[in-house]
Amino acid sequence: MKLQFLGTAAERIPAMFCACDTCRRALAAGGRNIMRRSQVLINDDLLIDFSGDSYSNFINVGKTLSNVEHVLITHAHDDHFTFEDFFSRFEGIAYNVRTEKLRIYLSSVAYDIMQKCITARGLDKKSLGKRFEFIVVEPYTTFPVGKYTVTALPAVHASCGEALIYLIEEDGKAFFYGTDTGFFSEETDAFLAREGKKIDLLCLDCTKCDNEFNYYVHMSMSEGRRIADRFAEGGLLKDGAALYYTHFSHNGGMIYDELAEVARSKYGFAVTYDGLTVTL
Ligand SMILES: [Zn+2]
Ligand SMILES: [Zn+2]
Ligand SMILES: [Zn+2]
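Residues numbered from 1 in each chain as written. Chains lettered and ligands numbered in written order. Predicted model: local features only at pLDDT ≥ 70, side-chain atom pairs only at ≥ 80, totals over all residues. Heavy atoms only, no water.

A few words now on helix H7 (residues 256-267). Under the 1.5 Å per step criterion, the end-to-end length of H7 is 15 Å for 12 residues, consistent within 8% with the ideal 16 Å. All of the buried residues along H7 are Tyr256, Leu259, Ala263 and Tyr267. Buried residues of H7 fall within an arc of 65 degrees about the axis and therefore sit on the same side. Away from its buried face, by an angle of more than 90 degrees, H7 presents the exposed residues Arg264 and Lys266. On its buried face, H7 is in contact with helix H6 (221-233), strand E12 (237-246) and strand E13 (270-271). (Helix = DSSP H or I, 4+ residues; strand = E, 2+ residues; numbered from the N terminus. Expected span 1.5 Å × (residues − 1). Buried < 20%, exposed > 50% of the residue type's maximum accessible area, 1.4 Å probe, protein only. Arc of directions from axis to C-beta. Contact = heavy atoms within 4.5 Å.)

The coordination sphere of the zinc ion (ligand 2), as far as protein atoms go, consists of Cys18 (SG), Cys20 (SG), Cys23 (SG) and His250 (ND1), spread over 2.0 to 2.3 Å. For the zinc ion (ligand 2), the 4 donor atoms are set out with angles of 101 to 118 degrees between them, so the coordination reads as tetrahedral. In the primary structure, the donors to the zinc ion (ligand 2) are separated according to the pattern C-x1-C-x2-C-x226-H. A residue is classified by how much of its surface remains accessible, and Cys18, at 29% relative accessible area, is partly exposed. (Donors = N, O, S within 2.8 Å, 3.2 Å for Na, K, Ca; no water. Tetrahedral: all angles 85-135°; square planar, octahedral: opposite > 155°, others 65-115°.)

Taken together, His75 (NE2), His77 (ND1), His157 (NE2) and Asp180 (OD) make up the protein donors of the zinc ion (ligand 3), found 2.1 to 2.3 Å from the metal. Every donor counted, the 4 donor atoms about the zinc ion (ligand 3) form angles of 89 to 167 degrees at the centre, which fits irregular coordination. One chain supplies every donor to the zinc ion (ligand 3), and in sequence these donors are spaced H-x1-H-x79-H-x22-D. A distance of 3.6 Å spans the gap from the zinc ion (ligand 3) to the zinc ion (ligand 1), which Asp180 bridges by coordinating each metal. Here Asp180 lies in the loop between strand E10 (173-178) and helix H5 (186-194) and His75 lies in the loop between strand E4 (70-72) and strand E5 (102-106), a separation of 105 residues in the sequence. Assigned by exposure class, His75 and Asp180 land together as buried.

If you want it as structure tokens, here you go:
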């Protein structure tokens, strides 16, 4: 399984209209310190999330989205789901796509928001149906997505209704993508243990960076470390499992160069950056 982290921020670093100290330092430092909104490509056909940065995320790694067959949406916040851009996949706009229909897996809340937009804009539902299939996903379910097995779990991210975190398995490898969630309960661990899941790469929300400000819908480095320890104790991590933080925010007050050092030395985690590729 090849993972490519295309975007690794919340509201981007630097944020679009922001001139805070973190954003200014990131802009000056450049390189990995510049982070677009979060998105992960698995192999070349399964995508997680679809923000308005999707186009630039793909161009940054020399690709378009023509090979993507499936999209898992975590939740309806705009840094993860800007569905208007899907309409550039209509016939007559997108040619030589690998599959006629793009399959989009999303929560009922995200689905309802999208349907309202489609109706409000008067979009042709027949054209839509030719190029898209929408599959509503419930938490605590495991289902096939092409050659992958996907498990959806509930996130602690109540401000936009139902949000999901995902475990994706292929060929005996398992990737846990847990962003846009606060410190989740041991119910998640228990479910994974019951299902016999073992993780090769654990990637967790790090919006608060190395701070503990009161923001229960996201996590800090130390909260992520506590989840990793809990998963290890519960037998959910394979030996030598990789640990990564992702989804950074200028509100955390740190740029990539600082994040990478603190994550490694203090918490034993690595840090994602836009374009990072990891093969499991
Ligand atoms: Zn987010
Ligand atoms: Zn800022
Ligand atoms: Zn969110």
